[in-house]
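# Observations on the model geometry
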Amino acid sequence: MGEPGPSPLTAHEANLSVAQARAAIAERLRPIEGRETVPTALALGRVLADDVISPIDVPAHDNSAMDGYAFAGAALRADAPLELRAIGSVMAGAPLSQAVAAGQCVRIMTGAVMPAGTDTVVPLELCRVDEQAAGARVHIGPGTLTAGENLRRRGEDLSRGCAALAAGRLLKPSDLGLIASLGIASVPVKRRLRVAVFSTGDEIAALGQPLAPGCVYDSNRFSLMAALQRLGMEVIDLGLVRDDPEALQAAVQQAIAQADVLLTSGGVSAGDADHTRAVLGRVGEVAFWKVAMRPGRPFAFGPLYAGDARRPSKTAWLFALPGNPVAALVTFYVFAREALLTLAGASPQPLPVLQARSTVAIRKRPGRTEFQRARVSPAADGTWQVQTTGSQGAGILRSMSEANALLVLRHDQGSVAAGEAVDVWLFDGLV
């Protein structure tokens, strides 16, 4: 969880760039302890706890990469044709026991073990075959191929004892296929990171209930829980919490006891009338930041303690996001996503940044990072283009739902002209 102690930033308001805030968070975090072994079939999205070491050579034998005829490539000549006599055939999973002598070849299928005496395969479409009573004659033209072509060597993919996958990897479908190809039935993984989520505010209404004047339905909790599930986290839903100091304190203490992380939205702005800031300040060393970004200026981060802060019985990390629905999601992607993966023991890679041409001019002043909801699509010339999805107000969640990317305008960047290249984060890389 990292060492408790003073936050790298003091607990009063700090004005930071996005890069400074991300760096301050990354400096504090260490992966959680705890692991388990799960069946390979159930390991999708889990964090690998140890390197996967290959117990076998992959492939286990020299084998053919093509359907064709296998023979000894030393007989090939660049200036003369080659004629070979086929003496049999070999199928995948049924190796040929006899050796192939000079002047001979065998019909072979893709993946079949190369017989002794062969090291080259001529594809069917590159040779001519004459069927005769005494056996087929295979004719290969001069310069058709060189010795060793279309052969997959034993251990070419993986050698016995080599690392197939490194610890810290967030396992993908292809990873599970690779593990299965090694005959490994179960894998060691990190335990899931436990993240508690609750919503606060007397204006927040539960789903399915009548909406009173001045109230809004609780959308942030559901967006955030879904984002956490996509990251493979164990979500602890603490529901709606009244805007009351005692209720808030009880919910925070429950989160510390049950979870590694508490994720909240709202209540961290200096102008908020609720009690979240005061409660968080009493149970931890929380830094309240004003981040130079849009949307999502207010943000809070730091350790929360159960017991004495000098000798805490339990520690959890707080990520307190702004309350506006879009701002909550954007700050989750910008600050919490990579941090949570780090805590979970993963080795998160930097998000790929795509360059696309803006279809419209965008006004922007230097000095803050802006994240605009946008749609990326192919242009007529085959390049990528991007356009915003209407109004960019921090409370307009529909424009986030209609988007497939965030258009990122960097801290020092100014206004963008139509046709100018801009950075985008594709949602498929985020969620």
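In this text, all values refer to a predicted model and were calculated from it rather than measured experimentally.

### Details of the pairing of strand β21 (residues 298-306)
- The buried fraction of β21 is high, at 8 of 9 residues.
- With 4 bridges joining them, strand β19 (residues 287-291) and β21 adopt antiparallel strand pairing. Within the sheet, the bridge partner assigned to F288 lies in β21 and is A300.
- The sheet contact formed by β21 and strand β22 (residues 314-321) spans 7 bridges and is antiparallel.

### Section: the side chain of D57
- Note that D57 resides in the loop between β3 (52-53) and β4 (63-64).
- A polar side-chain atom of D57 sits 2.8 Å from the main-chain amide nitrogen of R160.
- Those residues in contact with D57 that sit more than four places away from it in its chain are R154, G155, L158, S159 and R160.

### What about empty space enclosed by the protein?
- One pass over the structure, following the stated rule, counts 2 cavities of 30 Å³ or more.
- Volume-wise, the largest cavity comes out at about 70 Å³.
- V47, R191, R192, G232 and A344 are the residues nearest the centre of the largest cavity, which is lined by 13 residues in total.
- In the lining of the largest cavity, the residues fall into 7 nonpolar, 2 polar and 4 charged.
- In this structure, the second largest cavity encloses a volume near 30 Å³.
- As for the second largest cavity, its lining consists of F198, L248, V252, T264, T276, V279 and L280.
- Listed by contribution, the elements that provide at least two residues to the lining of the second largest cavity are α4 (245-258) and α5 (276-283).
- Here the element with the most residues in the lining of the second largest cavity is α5; it accounts for 3 residues.
- Taken together, the residues of the lining of the second largest cavity break down into 5 nonpolar, 2 polar and no charged.

### What to know about helix α2 (residues 173-181)
- Looking at α2, one finds that the buried residues are D175, L176 and I179. Axial view of α2: buried residues confined to an arc of 100 degrees, hence all on one face.
- Buried-residue contacts for α2 involve β3, β12 (163-165) and β13 (186-190).
- After α2 finishes, the residue G183 shows a positive phi value of roughly 80 degrees.

### Examining the nonpolar core
- Counting 51 residues, the largest nonpolar core has W289, F319, F332 and L340 as its most contacted members.
- Apart from residues no more than four positions distant in its own chain, L340 is found in contact with L193, V195, L228, M233, V261, F319 and F332.
- Residues I236, V279, V283 and V286 belong to the second largest nonpolar core, which totals 25 residues.

### Looking at the sheet that holds strand β5 (residues 68-71)
- Overall, mixed pairing links the 6 strands, which are arranged β8-β5-β7-β6-β10-β9 in an open sheet. Looking at which strands have only one partner, the edges of the open sheet turn out to be β8 (120-123) and β9 (128-130). The sheet shows a mean angle of 35 degrees between the axes of neighbouring strands, taken without regard to direction.
- For strand β6 (residues 82-90) and strand β7 (residues 104-108), the ladder comprises 4 bridges, and the chain directions are parallel. Residue pairing across strands places R85 opposite Q104, the latter belonging to β7.

### Digging into the pattern of salt bridges
- Counting across every chain of the model gives 16 salt bridges.
- A salt bridge links R221 to D237; the shortest N-O distance between them is 2.7 Å. Pair noted here: R221 is in helix α3 (residues 220-230) and D237 is in strand β17 (residues 234-241), with a separation of 16 residues, a long-range link.
- Notably, a salt bridge pairs D423 with R410, separated by 2.8 Å at the nearest N-O pair. Placement of the pair is D423 in strand β27 (residues 421-426) and R410 in the loop between β26 (405-409) and β27, with a sequence separation of 13 residues.
- When salt bridges that share partners are traced, they join D218, R221 and D237 into one network.

### Let's talk about the packing of aromatic side chains
- Throughout the structure, instances matching the rule amount to 8 aromatic pairs.
- For the pair F301 and F319, a centre-to-centre distance of 5.2 Å together with 55 degrees between the ring planes defines the contact as tilted. Here F319 lies in strand β22 and F301 lies in strand β21, a separation of 18 residues in the sequence.
- Residue classification places F301 among the buried residues on the basis of a relative accessible area of 1%.
- For the ring pair F371 and W425, a centre distance of 5.5 Å and an interplane angle of 50 degrees mean the geometry is tilted.

### Notes on the state of the cysteines
- Scanning the entire structure with this criterion turns up 0 disulfides.
- Cysteine C127 remains unbridged, with the sulfur of C105 as its closest cysteine sulfur at 8.1 Å.
- Looking at C127, the relative accessible area reads 15%, which means it is buried.

### A few points about the layout of surface pockets
- A volume near 620 Å³ is recorded for the largest pocket.
- What lines the largest pocket is a set of 26 residues, among which L170, K172, R337, L341 and Q349 lie closest to the centre.
- Looking at the lining of the largest pocket, the elements with two or more residues in it are α3, α6 (325-343) and α8 (427-430).
- Residue composition of the lining of the largest pocket, by class: 14 nonpolar, 7 polar and 5 charged.

### Describing the confidence of the model for the protein chain
- Residues of the protein chain with pLDDT of at least 70 account for 94%, and the chain-wide mean is 90.
- For residues 1-12, every residue scores under 50 in pLDDT, and the model assigns this stretch 36 contacts once sequence neighbours within four places are set aside.

### Points about the pairing of β5
- Relative to β7, β5 runs antiparallel, the two being bridged by 3 bridges. Bridge pairing links Y69 to R107 in β7.
- In terms of strand pairing, β5 meets β8 through 4 bridges, oriented antiparallel. Its bridge partner lying in β8, A70 is registered against V121.

Analysis parameters
- The numbers attached to residues start from 1 for each chain and follow its sequence in the written order.
- With the structure being a predicted model, the display of local features is reserved for residues of pLDDT at least 70 and the display and counting of side-chain atom pairs for 80 or more, all residues being used for whole-chain, interface and lining totals.
- Side-chain figures throughout are based on the complete set of non-hydrogen atoms in the structure, without hydrogens or water.
- A 1.4 Å probe rolled over the protein chains alone gives each residue an accessible area, and that area as a share of the maximum for its type sets the label: buried under 20%, exposed over 50%, partly exposed in between.
- The helix count covers DSSP runs of H or I at least four residues long, the strand count covers runs of E at least two residues long, and both are numbered beginning at the N terminus.
- Strand pairing requires that DSSP identify at least two bridges connecting the strands.
- Any pair of nitrogen or oxygen atoms within 3.5 Å is treated as a polar contact; in protein, a donor-acceptor pairing is required on top of that, and neighbouring residues in sequence qualify only through side-chain atoms on both sides.
- Contact definition: two residues touch when any of their heavy atoms are within 4.5 Å.
- Here a cavity denotes a set of grid points, spaced 1 Å apart and computed over the protein atoms alone, in which a 1.4 Å probe fits but from which it cannot get out, and a pocket denotes an open set meeting protein on both sides within 12 Å along at least five of seven lines; residues with an atom within 4 Å of a point are reported as lining.
- Grid points are joined across faces, edges and corners, and a volume is the space filled by probe spheres set on the points.
- When residues are grouped by polarity, Ala, Val, Leu, Ile, Met, Phe, Trp, Tyr, Cys and Pro land in nonpolar, Asp, Glu, Lys and Arg in charged, and all others, Gly among them, in polar.
- Think of it as the arc spanned by the lines of direction from the helix axis to the C-beta atoms.
- What makes a nonpolar core is a set of buried Ala, Val, Leu, Ile, Met, Phe, Trp, Tyr and Cys residues whose side-chain atoms join them at distances within 4.5 Å.
- Axis definition: a line fitted to C-alpha atoms, limited for helices to the stretch in contact. Angles are taken between N-to-C directions and run from 0 to 180 degrees.
- Here a salt bridge means any side-chain nitrogen of Lys or Arg lying within 4 Å of a carboxyl oxygen belonging to Asp or Glu.
- By convention, a stacked pair of Phe, Tyr or Trp rings (six-membered ring in the case of Trp) has centres within 6.5 Å and planes under 30 degrees apart, an edge-to-face pair has planes over 60 apart, and any other such pair is tilted.
- When two cysteine sulfur atoms are found within 2.5 Å, that pair is recorded as a disulfide.
- For every residue, the pLDDT score states the predictor's confidence, bounded by 0 at the bottom and 100 at the top.

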